[in-house]
Amino acid sequence: MEFTRRETLAIGAGAAALAVLPIRGMASVDEEIADFTGGAEVVEGGVTLTAPEIAENGNTVPISFDAPGAVAVRIIATGNPSPKVATVNFGPLAGNQSCALRIRLARTQDVLAIAKMADGSFKSAKVAVKVTIGGCGG
Amino acid sequence: MASAVKPRVKVPKSAAAGDVITIKTLISHKMESGLRKDKQGNPIPRQIINRFTCDFNGQNVIDITLEPAISTNPYIQFSAKVPEAGEFVFKWFDDDGSVYEERKTIAVA
C-alpha cells in the first residue's frame, strides 16, 4: 500500500494528537483548579491541610483542613484518575472553617486544598502523601 | 435505595448560646466509585453519596459536594455555631435519588 504525501501528513498529525492526549489527561488538575477559581491567582499559605505523610491504605486516608475566613474549599488529589475529591461550602452557622474527611488516593501524590476567601481571593496548601496500597480499584 | 444505609451523628446534648460545637457524622455506604470492575471485567456502575448538607433551624451550616474519591462509609467532621436551642438536620443525597435524613436536637444551657 502506497501513501500519497497528503495521507502521510494526515497520519502524522493523528499520531501527534494521540501522543498529546495523555498530557491533556494530566492537565485536568489545572482544569479543576481553574474551574474553582475562575482563573484567579492562587496564593500559597493561609490554609492548613493535615494529611498523613505515609498512608498505608489508600482506601481511607484521613485528611483535615483549617482555612480561617474561607467561604468554600476544594480538595484536589493530583494523582487520582479523577482529581476532584470534595468541595466544602461553609454556611452562616459554620463554627469555624475546618473540616475532616476520609478520602481515597490512587497512588503517592500531592493533595491540594484551595480556599476561596470572603474577599474573593484564593489561598492554597499542598501536602505530599506516600501511598502504600492504592485505593481506586482497577 | 442502597441496602443498609445507616446515618450516625454525634452532637452534644447541650451547649451555651453562641458556642462552637464539633459535629461528627458517619453514614454506612459503599461509595462505589464507578472505576472498579467485577470478575467478568464489566465496570461496576457508580453509586455514591454526592452531596451532604447540615442545617440548623433552617440556616445552613455546611454544604459539601462529594466525589468518588471519598472513602467507603463517608466520615465528616465539622463545627457549628449554636446561637439558640434548636434542631440540626443532616441530609445525604444518593446518586440513585434517595435522601437519607437525620435530626438532632440541642438544648442551650
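None of these values were measured; they are calculated from a predicted model.

## Notes on the sheet that holds strand β2 (residues 48-50) of chain A
Overall, antiparallel pairing links the six strands, which are arranged β2(A)-β4(A)-β7(A)-β6(B)-β3(B)-β1(B) in an open sheet. If you trace the sheet from one side to the other, it starts and ends with β2 of chain A together with β1 (7-10) of chain B, each paired once. Strand after strand, the sheet turns through a mean of 15° between neighbouring axes, direction not considered. Judged from the six bridges that link them, strand β4 (residues 61-66) of chain A and strand β7 (residues 94-103) of chain A form a sheet pairing that is antiparallel. Each residue of the ladder has a partner; that of A:D66, found in β7(A), is A:S98.

## A short note on the pattern of salt bridges
Under the definition given, this model contains nine salt bridges over all chains. Close ionic contact of B:R103 with B:E87 constitutes a salt bridge, the shortest N to O distance being 3.1 Å. Taken together, the positions of B:R103 in strand β8 (residues 99-108) and B:E87 in strand β7 (residues 86-94) put the pair 16 residues apart, joining distant regions of the chain. A residue is classified by how much of its surface remains accessible, and B:R103, at 46% relative accessible area, is partly exposed. Residues joined by salt bridges that share partners form a network here, namely A:E32, A:D35 and A:R74.

## Some points on helix α2 (residues 28-37) of chain A
Those residues of α2(A) that sit buried are A:S28, A:V29, A:E32, A:I33, A:F36 and A:T37. Of the residues one or two after α2(A), A:G38 is the one with positive phi, at around 70°.

## Structural notes on the interface of chain B and chain A
By a widespread convention, an interface's size corresponds to the accessible area lost as its parts come together. In this complex, chain B contributes 31 residues to the contact, which on the side of chain A involves 28 residues. Considering only the side of chain B, the residues that lose the most area to chain A are B:A69, B:S71 and B:Y75, jointly responsible for 22% of the buried surface there. Run the count over chain B and chain A and you get one salt bridge. Residue B:E67 pairs with A:K84 through a salt bridge whose shortest N-O separation is 3.8 Å. Here chain B and chain A share 17 residue pairs in polar contact (both at pLDDT 80 or more) between them. Among the secondary structure elements, those contributing two or more residues to the side of chain B that touches chain A are β3 (19-27), β5 (59-66) and β6 (75-82) of chain B.

## A closer look at the UniProt feature "domain: Sulphur oxidation protein SoxZ" (unreviewed entry) in chain B
As annotated in UniProt, the feature "domain: Sulphur oxidation protein SoxZ" (unreviewed entry) corresponds to residues 10-103 of chain B in the numbering used here. From the first C-alpha to the last, residues 10-103 of chain B spans 11 Å; its make-up is 0% helix and 53% strand.

## So, the side chain of A:Q109
All names here are of chain A. Along the chain, Q109 falls in strand β8 (residues 109-117). With a relative accessible area of 6%, Q109 lands in the buried category. Separated by 3.2 Å, the side chain of Q109 and the backbone nitrogen of T78 make a polar contact. Those residues within four positions of Q109 in sequence are excluded, and the remaining contacts are A77, T78, G79, N80, V127, A128 and V129.

## Overview of the packing of aromatic side chains
In total, this model carries eight aromatic pairs over all chains according to the counting rule given. Their ring planes at 70° and their centres at 6.0 Å tell us that A:F36 and A:F122 sit as a pair that is edge-to-face. Placement of the pair is A:F36 in helix α2 and A:F122 in strand β9 (residues 122-133), with a sequence separation of 86 residues. With respect to burial, A:F36 and A:F122 carry one shared label: buried. Residues B:F56 and B:F88 carry aromatic rings whose centres are separated by 4.5 Å and whose planes lie at 45° to one another, so their mutual orientation is tilted. Of this pair, B:F56 sits in strand β4 (residues 49-56) while B:F88 is found in strand β7, placing the two residues 32 residues apart along the sequence. Sitting over the ring of B:Y75, A:R102 keeps its end group 4.2 Å from the ring centre. If you follow B:R51 out to its NZ or CZ, it ends over the ring of B:F93, 5.0 Å from the centre.

How each quantity is defined
- Residues numbered from 1 in each chain as written.
- Chains lettered and ligands numbered in written order.
- Predicted model: local features only at pLDDT ≥ 70, side-chain atom pairs only at ≥ 80, totals over all residues.
- Heavy atoms only, no water.
- Pairing = 2+ DSSP bridges.
- Helix = DSSP H or I, 4+ residues; strand = E, 2+ residues; numbered from the N terminus.
- Axes fitted to C-alpha atoms, helices over the stretch in contact; angles between N-to-C directions.
- Salt bridge = Lys/Arg side-chain N within 4 Å of Asp/Glu carboxyl O.
- Buried < 20%, exposed > 50% of the residue type's maximum accessible area, 1.4 Å probe, protein only.
- Contact = heavy atoms within 4.5 Å.
- Buried area = accessible area lost by both parts, 1.4 Å probe.
- Polar contact = N/O pair within 3.5 Å; in protein donor to acceptor, adjacent residues only side chain to side chain.
- UniProt positions renumbered as here; feature names shortened; annotations may be inferred.
- Phe/Tyr/Trp six-rings, centres within 6.5 Å; stacked < 30°, edge-to-face > 60°.
- Lys NZ or Arg CZ within 6 Å of the ring centre and 35° of its normal.

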